[in-house]
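Listed here are the chains, written in short residue letters.
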Amino acid sequence: MENCNIEHLQRQEAVEIQGILFFKGMDDAWDKIQNFQARPSDIVIATYPKSGTTWVSEMMDQIINNGDEEKCKRDSIYNRVVFMELIMPGFSDGVASLNKMPSPRLVKTHLPVHLFPVSFWEKNCKIIYVARNAKDVAVSYYYFYQMAQTCPHPGTWEEFLDKYITGKVCFGSWHDHVKGWWEKKNDHRMLYLFYEDIQENPKRELLKLIKFLEKDLSEEVIDKILHNTSFKVMKNNPQSNYTTLDPSAMDHTISPFMRKGTTGDWKNHFTVAQNERFDVYYQENMAGSTLKFRTEI
Ligand code: A3P
């Protein structure tokens with residue numbers, strides 16, 4: 001991602017690819033994305049947007065750099081953990097950035113599992129998936145749509161929620177995303193984490209990550225990583241809070257990227273009627289799945 005003025009890319013309509021909405025620009029680059037060449041040492045973070053991608057990305061970079069915080073301040077999070085499929089001419093070309101990057105590469109994706117480039121499966125790359133409860137994601141995504149100028153117009157909260165429930169937002173349906181990746185973990189090296197679990201007990205979840213990445217870190221380093229990836233520290237760290245991007249891309253005066261970092265904020269936004277409607281869709285779409293989420297902790 002480049003830190004430049006991107007007024008020409010603001011508020012473009014989303015494009016539909018195989019029934020799913022994406023940012024404009026990704027349609028022209030679709031073959032390039034699908035033909036992405038993974039390397040066996042690539043480590044992937046896959047998420048539905050607003051599920052704790054940046055949080056876990058920072059943890060991953062800190063782990064592979066043995067908790068060396070100066071090294072982790074070498075660049076912004078979006079250049080340390082590159083958003084593969086984000087291709088918007090004049091702003092970002094994730095594929096080109098990754099092609100230039102030395103191994104081991106940290107790769108971010110929001111693609112639904114069935115559209116994830118096959119090369120990652122062929123190379124048996126390690127994948128970390130992070131899921132967050134659908135209601136808090138809806139609220140977080142609504143604020144993100146307002147501050148991130150590359151998103152289409154969000155409309156009112158009511159309108160946005162309607163689009164979100166029916167999967168008519170960028171990267172498609174939350175239900176399909178979390179379920180698709182959940183099924184995939186049965187036949188691939190994958191660590192499936194939950195935002196709420198990390199919040200409840202960050203050390204327990206960080207230890208899972210360290211084990212999955214086959215690192216051996218001292219208690220002192222682990223504590224340092226926990227400190228450096230806390231909401232407060234990340235919110236004040238320009239290399240992890242996205243304030244290094246030009247305001248034409250992200251306007252933090254509308255809503256900061258590091259907004260609240262809590263579980264249960266949905267209660268401050270959903271009306272009783274919205275909540276009831278949401279629950280009906282939720283039951284319909286999650287029926288039969290073994291996936292369980294917590295909407296409060
Ligand atoms: P809120 O908007 O609810 O505050 P993503 O990185 O996938 O876009 O997710 C962003 C969400 O994760 C935001 O949620 C952000 O505040 C939250 N987040 C980022 N870093 C965090 C941290 N260290 N601890 C808790 N939440 C964090």
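Right, let's talk about the site of the ligand for a bit. In the vicinity of the ligand there are 18 residues, among which Thr53, Thr54, Ser140, Lys260 and Gly261 approach most closely. In the environment of the ligand, an oxygen atom lies 2.4 Å from a nitrogen or oxygen atom belonging to the side chain of threonine 53. Cavity membership is defined here by more than half of the atoms lying within 2 Å of grid points; on that basis the ligand lies in the largest pocket. Where the shell around the ligand is concerned, the elements lending two or more residues are helix H2 (53-64) and helix H13 (231-235). The greatest single-element share of the shell around the ligand, amounting to three residues, is contributed by H2. In the shell around the ligand, the residues fall into six nonpolar, eight polar and four charged.

As a further point, take empty space enclosed by the protein. Over the atoms a probe the size of a water molecule is rolled, and this reveals where empty space is left. What the rule picks out here adds up to one cavity of 30 Å³ or more. Looking at the largest cavity, its volume works out to about 40 Å³. In terms of lining residues, the largest cavity is bounded by Thr53, Thr54, Ser57, Ile77, Tyr78, Val81, Lys108 and Tyr242. Mapped by element, the contributors of at least two residues to the lining of the largest cavity are H2 and helix H4 (77-80). Here the lining of the largest cavity takes three residues from H2, the largest share from any one element.

Their axes nearest at 11 Å, the elements H2 and helix H11 (residues 202-212) cross at an angle of 50°. On the basis of their axis angle, the class for H2 and H11 is oblique. As for how H2 packs across H11, the hand of that crossing is right-handed. For the pair H2 and H11, the contacting residues are Val56, Met59, Met60 and Ile63 in the first and Leu206, Leu209 and Ile210 in the second.

Inspection of the secondary structure puts histidine 269 in the loop between H13 and helix H14 (272-286). Dropping the residues within four chain positions of it, histidine 269 is found in contact with Val139, Tyr143, Trp157 and Gln274.

A word on the sheet that holds strand S7 (residues 106-109). What the five strands build is an open sheet, ordered S4-S7-S3-S8-S9; its pairing is parallel. The outermost strands of the open sheet, each flanked by one partner alone, are strand S4 (81-83) and strand S9 (190-194). Sheet twist, expressed as the mean angle between neighbouring strand axes with direction ignored, is 25°. Strand direction decides the pairing type here: strand S8 (residues 126-131) and S9, joined by five bridges, are parallel.

Reading the values: rules and limits
- Residues numbered from 1 in each chain as written.
- Predicted model: local features only at pLDDT ≥ 70, side-chain atom pairs only at ≥ 80, totals over all residues.
- Heavy atoms only, no water.
- Near = heavy atom within 4 Å.
- Polar contact = N/O pair within 3.5 Å; in protein donor to acceptor, adjacent residues only side chain to side chain.
- 1 Å grid on protein atoms, 1.4 Å probe; cavity = no way out; pocket = protein on both sides within 12 Å on 5 of 7 lines; lining within 4 Å.
- Sits in = over half its atoms within 2 Å of the grid points.
- Helix = DSSP H or I, 4+ residues; strand = E, 2+ residues; numbered from the N terminus.
- Nonpolar A, V, L, I, M, F, W, Y, C, P; charged D, E, K, R; others polar.
- Points joined across faces, edges and corners; volume = space filled by probe spheres on them.
- Axes fitted to C-alpha atoms, helices over the stretch in contact; angles between N-to-C directions.
- Parallel < 35°, antiparallel > 145°, perpendicular 65-115°, else oblique.
- Left-handed = near helix turned anticlockwise from the far one by under 90°.
- Contact = heavy atoms within 4.5 Å.
- Pairing = 2+ DSSP bridges.

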